[in-house]
Amino acid sequence: GKLFIKIFILLITMLFSFSCTTYRDYSMVYEEIYSNDFDTAYEQLELDKSYIYSDKDEVLYSLDSGLLAHYSGDYNESNAKLSRAEALMESFYATSVSQSINSFFTNDNAKDYAGDEYEDIYSNIFMALNYIHLGKIEDAFVEIRRFDNKQKALSVKYAEQIAYAKEQVGNLNVNVQFNNSAFARYISLLLYRANNQMDSAEVDRKKIEEAFKTQPNLYPFDVPLAVAEEFLIPNNMARLNILGFAGLAPVKIEETIDTFSTDGIAFKLALPEMQKRGTKVDTISVVVYGESNDYYVESLEKIESIENIAYDTFGEKKALIHAKAFLRALSKSAISTTLDVLDASYLEENGELSTGLTLLSIASKVWIAASEFADIRTSQFFPAEVFVGGVTIPEGTYVVQIKFQDSRGRTLSEEIIKDVVVTKNNVNLVETLCIR
């Protein structure tokens, strides 16, 4: 009897050690970014790091910190953090055997967070932007190529695992559409245009059009007119490009399903689902003021919905998570059912309950109820939507005024950027962000 009680206590202790997750309180960080104070937001995240992230969340921290460093203009630090995230995601993809076994018997929170597909590939885009701001064009090209290679490998990355999962649980509905990024192609086009490699820039222009035509669910809007304008710059003029980010990419929530197997065994599934956060931004207007009272007006156009792509690329991973959760929950329920049968048999044969078996049966039910919860870890600060535009102007120094408005014309955010130097044969890029 004492042995069973000790086992019971051990099971409960293990259960709650597995079940505990870090409560992620980003409220102080969000308070700063809603005020467009990204310097303080970055400092606040570093201050709260030990409270927000566990030792299994190094990728999560590196992504969050890298993005906030980018928004605050610390491009070298951003590259260091995003590069660290990229290396860890590659390392964690082939998860250690011990972590896989542990997560099978508990849940996926027992593993190091290895990132979602969109987090991995868009980290390269933001590193490319960092390099552009640092004037390192060749390094920016390298990141664009890395993005392109990852995107091409996306469809085959999970193929073997998906095939195995289908054998175990039957048909899985997996259909990832994303195969070409208009945003990545646009950045590449700007790089080639600045290098006066117009044939290569033209290839990117065609690829942008192709992205819209072949992926209508991901691009339910028109190709920006700004793309064609990149080819109409007179020799005596320069080009200023404006990149606007709006809203924030999806977060994950837990969806719980109580269901039955074909054998009538009851079990619980806790599954991660992506929830879009969207944006209130409807229009982004830009006024560029020159040194001699001249000014230029531009309205930015949407070129990419990162939230659509995040939602789409999560599909293959989600199918595997669902298959694994199904098998794990089935195994847990089978153990509990077996203990119930043994307990009932003991009662029938001996006319009394077995304290040990009863305790183990109770422990198994508590274990099933409390150990099965979804891994809803996800980066917080990728934008939801990407807008682009540009003005063709003489070389010089300018002031750029940017206004974000909602569908009713109400101003959500306004930014004034001074001392913007614009030169010919260069990627003159201004970035702005409104997370509302």
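Notes on the structure follow. Just so you know, these numbers come straight off a predicted model, no measurement behind them.

Notes on the overall build of the chain
- Helix and strand counts for the chain stand at 14 helices and ten strands.
- A buried classification covers 51% of the 436 residues belonging to the chain.
- Across the chain, the fraction of contacts at a sequence separation of at least 24, relative to all contacts at a separation of at least 6, is 76%.
- Element-wise, carbon and sulfur atoms account for 52% of the exposed surface of the chain, whose accessible area totals about 20,300 Å².

Topic: the pattern of salt bridges
- Here the structure, examined in full by the defined rule, presents 22 salt bridges.
- Between E46 and K81 there is a salt bridge, and its shortest N-O distance comes to 3.5 Å. Separated by 35 residues along the polypeptide, E46 in helix 3 (residues 38-52) and K81 in helix 5 (residues 75-93) bring together distant segments of the chain.
- A residue is classified by how much of its surface remains accessible, and E46, at 30% relative accessible area, is partly exposed.
- Here R185 makes a salt bridge to D204, at a shortest N to O gap of 3.7 Å. Here R185, found in helix 10 (residues 182-194), pairs with D204, found in helix 11 (residues 198-214); they are 19 residues apart in sequence, far enough to count as distant.

Brief notes about the sheet that holds strand 6 (residues 301-305)
- Read across the sheet, four strands follow the order 6-7-1-10 without closing on themselves; strand pairing throughout is mixed. The open sheet has two edge strands, strand 6 and strand 10 (428-434), and neither has a second partner. Averaged over all adjacent pairs, the angle separating strand axes in this sheet is 25°, with direction ignored.
- By the bridge criterion, nine bridges tie strand 1 (residues 238-246) to strand 7 (residues 385-393) in an arrangement that is antiparallel. Opposite R239, over in strand 7, you have T392 as the bridge partner.
- On the sheet, helix 7 (residues 117-133) packs against strand 1, strand 6 and strand 10 and is oriented at approximately 130° with respect to strand 10.

Re the environment of F382
- If you trace the backbone, F382 turns up in the loop between helix 14 (355-371) and strand 7.
- With a relative accessible area of 0%, F382 lands in the buried category.
- Residues F382 and L67, spaced 315 residues apart in sequence, show a C-alpha to C-alpha distance of 7.1 Å.
- In contact with F382, not counting residues within four places along its chain, are L63, L67, Y71, Y118, E119, Y122, S123, F126, G247, L248 and A249.

Description of the sheet that holds strand 5 (residues 295-299)
- Here four strands make up an open sheet; going across it, the order is 5-4-8-9 and the pairing antiparallel. If you trace the sheet from one side to the other, it starts and ends with strand 5 and strand 9 (411-422), each paired once. Each strand of the sheet is rotated relative to its neighbour by a mean of 15°, with strand direction disregarded.
- Strand direction decides the pairing type here: strand 8 (residues 396-405) and strand 9, joined by nine bridges, are antiparallel.

With respect to the pairing of strand 7
- In terms of residue burial, strand 7 counts as a mostly covered element, since eight of its nine residues are buried.
- Here strand 6 pairs with strand 7 via four bridges, running antiparallel. Across the sheet, the residue bridging to K302 is F387, located in strand 7.

Considerations on the side chain of S123
- Looking at the element boundaries, S123 is found in helix 7.
- Judged by relative accessible area, S123 falls into the buried class, the value being 0%.

Brief notes about the packing of helix 2 (residues 27-34) against helix 3
- Look at helix 2 against helix 3: their axes get within 8 Å of each other, and the N-to-C directions meet at 175°. As far as their axial angle goes, helix 3 and helix 2 are roughly antiparallel. Along the contact surface, helix 2 presents M28, V29, E32 and I33, while helix 3 presents F38, T40, A41, Q44, L45 and D48.
- Counted by class, the contact of helix 2 with helix 3 contains six nonpolar, two polar and two charged residues.

Some points on the nonpolar core
- Among the nonpolar cores identified, the biggest contains 78 residues, and Y122, L129, F183 and F381 are the most heavily contacted of them.
- Sequence-distant contacts of F183, defined by excluding residues within four places in its chain, comprise Y122, I125, L129, L243, F245, I303, E304 and V386.
- By size, the runner-up hydrophobic cluster in this structure holds 21 residues, among which are I242, V288, I417 and V430.

Quick look at a nonpolar patch on the surface
- A cluster of nonpolar side chains, contributed by Y289, Y295 and V297, occupies part of the molecular surface with about 330 Å² of accessible area.
- Tracing the backbone shows Y295 in strand 5.
- Judged by its relative accessible area of 54%, Y295 falls in the exposed class.

Considering the packing of aromatic side chains
- One pass over the full model with this rule turns up 19 aromatic pairs.
- Ring centres of F141 and Y192 lie 4.8 Å apart, and the angle between their planes is 50°; on these two criteria the pair is classed as tilted. In this pair, F141 sits in helix 8 (residues 137-157) while Y192 sits in helix 10, placing the two residues 51 residues apart along the sequence. In this pair, the class of F141 matches that of Y192, namely buried.
- Connected via pairs of aromatic rings, a cluster forms that spans F38, Y71, Y118, F126, F183, F245 and F382.
- Across from the ring centre of Y61, 4.1 Å away, lies the NZ or CZ of K49, which sits over that ring.
- The positively charged end of K276 is found above the aromatic ring belonging to Y311, 5.2 Å away from the centroid.

About the criteria used
- Residues numbered from 1 in each chain as written.
- Predicted model: local features only at pLDDT ≥ 70, side-chain atom pairs only at ≥ 80, totals over all residues.
- Heavy atoms only, no water.
- Helix = DSSP H or I, 4+ residues; strand = E, 2+ residues; numbered from the N terminus.
- Buried < 20%, exposed > 50% of the residue type's maximum accessible area, 1.4 Å probe, protein only.
- Contact = heavy atoms within 4.5 Å.
- Areas by Shrake-Rupley, 256 points an atom, 1.4 Å probe, with all protein chains shown as cover.
- Salt bridge = Lys/Arg side-chain N within 4 Å of Asp/Glu carboxyl O.
- Pairing = 2+ DSSP bridges.
- Axes fitted to C-alpha atoms, helices over the stretch in contact; angles between N-to-C directions.
- Parallel < 35°, antiparallel > 145°, perpendicular 65-115°, else oblique.
- Nonpolar A, V, L, I, M, F, W, Y, C, P; charged D, E, K, R; others polar.
- Core = buried A, V, L, I, M, F, W, Y, C linked by side-chain atoms within 4.5 Å.
- Patch = residues over 30% accessible without salt bridge, like charges linked within 9 Å, V, L, I, M, F, W, Y side chains within 5 Å.
- Phe/Tyr/Trp six-rings, centres within 6.5 Å; stacked < 30°, edge-to-face > 60°.
- Lys NZ or Arg CZ within 6 Å of the ring centre and 35° of its normal.

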